[in-house]
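# Fold and geometry: a report
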Amino acid sequence: MAKTDSQNLDKFAIAATLQEIAALLELKGGKDKFKARAYQNGARVIAGMAEDIGVVIEENRLTSMRGIGDALASQIKQLFLTGESSVLRGLKQEFPPGIIELSGVPGLSVNKIKTLHEALGITSVAELKDAAAAGKLRTIKGFGAKTEEKLLETIADHRRHEKSETRLHIHQALRTAEQIADYLQTTPESAQITFAGSLRRWKETIGTIRIVANTKRPIALVEYFLRFPLIVQVEEQDKDRCTVTLADGARVSLVAVRAEEFVLALFVETGSKSHVDKVQRLADEGMGSKGKRRATARKSASTSGLQNEEDIYHSLGMQYIPPELREDQGEIEAALEGKLPEDLITLPDIRGMVHCHTTYSDGKHSIEEMVRAAEAMGMKYITITDHSPTAFYAGGVTLDRLKRQWEEIEEVQEKVKIRILRGTESDIVANGALDYPDRILEQFDVIVASIHSRYKMDSEKMTQRIVTAMRQPVFKIWGHALGRKIQSRPPFECDVERILDVIAESEAAIEVNGDPYRLDMEPRWIREARKRKIKFVISVDAHSMGALHNVKYGVGIARRGWVRKREVLNTLGVSAFQSAVRPAG
Ligand SMILES: [Zn+2]
Ligand SMILES: [Zn+2]
């Protein structure tokens, strides 16, 4: 029954417990690692669910949610109704208290932690540190003075280590930030919650999720935040700010300020540090002939209160600089000279979904499902670009099946308003050729040409391979250009500038890939391409309907490369887009 609200755990508390179970299963290792993943996924699904969990449980619909099986559902139900989990109880009996926190210290095995608990009753890193400092560890069998010394060093490094090691992919950080924002909205303190830091600058990975809250009662809001159930460690805490670690390793910093301090706090928390420092220096110094005006402007701004971030920049006699550009890479100088582009690409500018996979290759959803999902997002067209035959491991589409796909596209087209374009993601094979015969290539509406194999070619050969591909006499879009997978595979070796030179004079454009694991090419290369007047498409590389929302990450990274609306082909209407990318000129 969902009526006894006061006794039921809320979704965040349930998610926190599932995280705890996952962490303990992870420690057990072996087969339990898979179970751990299931619990971790369950925690995300529960914390992120929009519906009332009580209603879902009452109607027995937990297992209809993605990734929640019978076993997990029964634990969630138990937690909701009783506040306890039989699985967690069992696991806790296998481990000493504090095991999760202590296992984060490098070099401390589960067995060592057990020994420490039995001998000295240690249940936290703080207690471990005290015991080591007091020379108590050396008395335990298997530890010794050297181990003790080493552990003290490790603990000292531990925080720094955690800070630098755990970086979240942008989509994970965004999801966590949104959960926290949801939670903070439930306080009686009316607050405006804004994301800052590298998340607001759309960086590929996020070290600390920074949140700035505009509230009448900062202290109360920080206290409320500290009760967020996924918090496992509070690193720093002050009246109006705190930094915490969540169960999944994410670091979160909250700054809570009153309305009059909000704009400045948001500016500082957004960073980057070198950008903020330089703007600050300009404000402090007041330079050249404009100095006096700026100083006056700043004074009036600080006394009258800044209304928005624009005021900060305008008061210094410069253009507004959007967050994605704040890296101190020439944007401040450009803004002072009035040369910053003011028509940067935005999400609503995108009119077509480019680079979509279906069940014809390695996508999860049918043509019709993908098409309808794109239509529901307000798109005017979608390009279906399944893999080509060489990508056999991804179910590359052979000629027979291609014919069948085109028929199906025609059938679906009858039922929908959005225009469906026939495309391919053609492999660039080792010698730089594309993967269908010319007579077929010419019949596509769109060709995305990508490298999916032999990443380790030497730089010269790889450059030649791509140059050859780009010079093929059909228009093509260079897909996920340098093949990087964020935090797992570096971009492959090649002479990017030479390739860009060739693209500039060939029938080709460059994809800005919105898949949060790719986000290829990088902003610095995007800017190099822009110098050569190369055009872009912002793609989703979607293998499911949900992944169509990747488009926002593509827009984010394009903005970081200073891309303007007019440089992006899929801002065009359908017929203009078609003629811009038509393979046979
Ligand atoms: Zn691909
Ligand atoms: Zn793809």
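The structure contained in this document is the topic of the report that follows.

## Considering the overall build of the protein
- A count of helices and strands for the protein gives 25 helices and 14 strands.
- On C-alpha atoms alone, the protein measures out to a radius of gyration of 27 Å, which is about the 25 Å that the 2.2 N^0.38 rule sets for 585 residues.
- Referenced to the eigenvectors of the C-alpha coordinate spread, the extents of the protein come out at roughly 75 × 70 × 55 Å.
- The burial tally for the protein puts 52% of its 585 residues in the buried class.
- Considering only contacts in the protein between residues 6 or more positions apart, those separated by 24 or more positions represent 67%.

## Quick word on the coordination of the zinc ion (ligand 2)
- Those protein atoms acting as donors to the zinc ion (ligand 2) are His355 (NE2), His357 (NE2), Glu425 (OE) and Asp541 (OD), and they sit at 2.1 to 2.3 Å.
- Within one chain, the residues serving as donors to the zinc ion (ligand 2) are arranged as H-x1-H-x67-E-x115-D.
- In this structure the zinc ion (ligand 1) is found 3.2 Å away from the zinc ion (ligand 2), and Glu425 serves as a bridging donor for the pair. Residue His355 is located in strand β8 (residues 352-356), and its partner Glu425 is located in strand β10 (residues 419-427); the two are separated by 70 residues in the primary sequence. When sorted by exposure, His355 lands in the same class as Glu425, which is buried.

## Quick word on the nonpolar core
- By size, the foremost hydrophobic cluster in this structure holds 145 residues, and its most contacted members are Ile76, Ile209, Phe225, Ile382 and Trp478.
- Considering every element that reaches this core, the biggest residue donor is helix α1 (residues 11-28), with 9 residues.
- Once residues within four sequence positions are removed from consideration, Ile382 is found in contact with Met353, Cys356, Met370, Val371, Ala374, Ile418, Arg419, Ile420 and Leu421.
- Counting residues in hydrophobic clusters, the runner-up holds 18 residues, among them Val263, Val276, Met318 and Ile332.

Cut-offs applied
- Counting restarts for each chain: residues are numbered from 1 in the order of the written sequence.
- Numbering of ligands from 1 and lettering of chains from A proceed in the order in which they are written.
- A pLDDT threshold of at least 70 governs which residues receive local features in this predicted model, and a stricter bar of 80 or more applies before side-chain atom pairs are shown or counted, although totals over entire chains, interfaces and linings include all residues.
- Side-chain numbers here rest on the full set of heavy atoms in the structure, without hydrogens or water.
- To qualify as a helix, a DSSP run of H or I must reach at least 4 residues; to qualify as a strand, a run of E must reach at least 2; elements of each kind are numbered from the N terminus.
- In this setup the radius of gyration rests on C-alpha atoms only. A globule is expected at 2.2 Å times the number of residues raised to 0.38.
- Buried means the residue's accessible area, taken with a 1.4 Å probe over protein chains only, is under 20% of the maximum for its type, while exposed means over 50%, and partly exposed covers the values in between.
- Contacts are assigned to residue pairs that have any heavy atoms within 4.5 Å of one another.
- Atoms of type N, O and S within 2.8 Å of a metal are treated as its donors, and for Na, K and Ca the window is 3.2 Å; water is not considered, so some sites may appear to be missing partners.
- Residues belong to one nonpolar core when they are buried, are Ala, Val, Leu, Ile, Met, Phe, Trp, Tyr or Cys, and are joined through side-chain atoms within 4.5 Å.

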